[in-house]
Structures are given as structure tokens and as C-alpha cells.
Amino acid sequence: MTRHEILSKIKQAEADAQASIEQAQQERDKRIADATAEATNIVRNAEAEAQEYYEKRLADAEKSVQSKKQAIVDEGIKKVNAMKSSASSKVDAAVEHLLKEFMGLLHA
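In this text, all values refer to a predicted model and were calculated from it rather than measured experimentally.

Thoughts on helix α1 (residues 3-106)
- Helix length check: α1 (104 residues) gives 149 Å between terminal C-alpha atoms against 154 Å at 1.5 Å per residue, within 8%.
- When the local axis directions of α1 are compared, the greatest deviation, roughly 30°, occurs at Val91.

What about a nonpolar patch on the surface?
- Taken together, the side chains of Met1, Ile6, Leu7 and Ile10 define a hydrophobic patch exposed on the protein surface, amounting to about 400 Å² of accessible area.
- Following the sequence through the fold, Ile6 ends up in helix α1.
- Since its relative accessible area comes to 41%, Ile6 is described here as partly exposed.

Some points on the pattern of salt bridges
- Scanning all chains against the criterion turns up 5 salt bridges.
- With a shortest N-O distance of 3.2 Å, Asp60 and Lys56 are connected by a salt bridge. On the criterion of helical spacing, the pair formed by Asp60 and Lys56 is a turn pair, its members being 4 residues apart in helix α1.
- With a closest N to O distance of 3.7 Å, Glu96 and Lys100 form a salt bridge. Residue Glu96 and its partner Lys100 are located together in helix α1, separated by 4 residues, close to a single helical turn.
- Relative accessible area serves as the criterion here: at 46%, Glu96 is assigned to the partly exposed category.
- Relative accessible area serves as the criterion here: at 56%, Lys100 is assigned to the exposed category.

Cut-offs applied
Residues numbered from 1 in each chain as written. Predicted model: local features only at pLDDT ≥ 70, side-chain atom pairs only at ≥ 80, totals over all residues. Heavy atoms only, no water. Helix = DSSP H or I, 4+ residues; strand = E, 2+ residues; numbered from the N terminus. Expected span 1.5 Å × (residues − 1). Bend = angle between axes of the 7 residues up to and from the residue. Patch = residues over 30% accessible without salt bridge, like charges linked within 9 Å, V, L, I, M, F, W, Y side chains within 5 Å. Areas by Shrake-Rupley, 256 points an atom, 1.4 Å probe, with all protein chains shown as cover. Salt bridge = Lys/Arg side-chain N within 4 Å of Asp/Glu carboxyl O. Buried < 20%, exposed > 50% of the residue type's maximum accessible area, 1.4 Å probe, protein only.

The analysis is restricted to geometry; functional conclusions fall outside its scope.
Here is the structure:
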């Protein structure tokens, strides 16, 4: 082998090594980009799931509050109606009592 052939083979080996390095760097960059895109998708999906969970829990809490509020209002209405009924039944007795008192004062 001549000196020129040896130098040519060395240059070829260096070129091959450089091409391998560049290919490895390109592959590394592609894998990093793919991993970054996948991580972004995972985060996006997790955020969407978290938002969906939040909205569901909020809706459930609002339903619960509304149900409890309605129960309290219904109970209040029942009590008010019971008081009205009780008061109405006592009005006649109160009027009669007042008339007796008044009549008693007139005759005294």
C-alpha cells in the first residue's frame, strides 16, 4: 500500500467516523424532540383530566349544596305553615278572650 492509499483510507475512516457522529447526534436530537413532544402530550392530557375532575367535583358540590338548601327551605316552609295554622286556630279564642275582658271592663 502506498502512502497515498493509506492517507486516503485514514481520511475515509475519519469521514465515516464523522458521519456516524452526525447520525448519532441527529438521532439523539430526534429522540429528545420526540420525548419532549410526548411529555407535552402527557402534561396536556393530565391537565385536561384534572380540569374535568375539578368540574365534576364542583358540579357535585353545587348539587349537594342546592339539595341541602332546598331541604332547609322546605323545612322552614313547613314550620311557617304549622305556625300559621296554630295561630289561625288561636285567633278565635284570642278574640273571644279579648271580648270577655272588654265586656268585663264595661260591666265593672
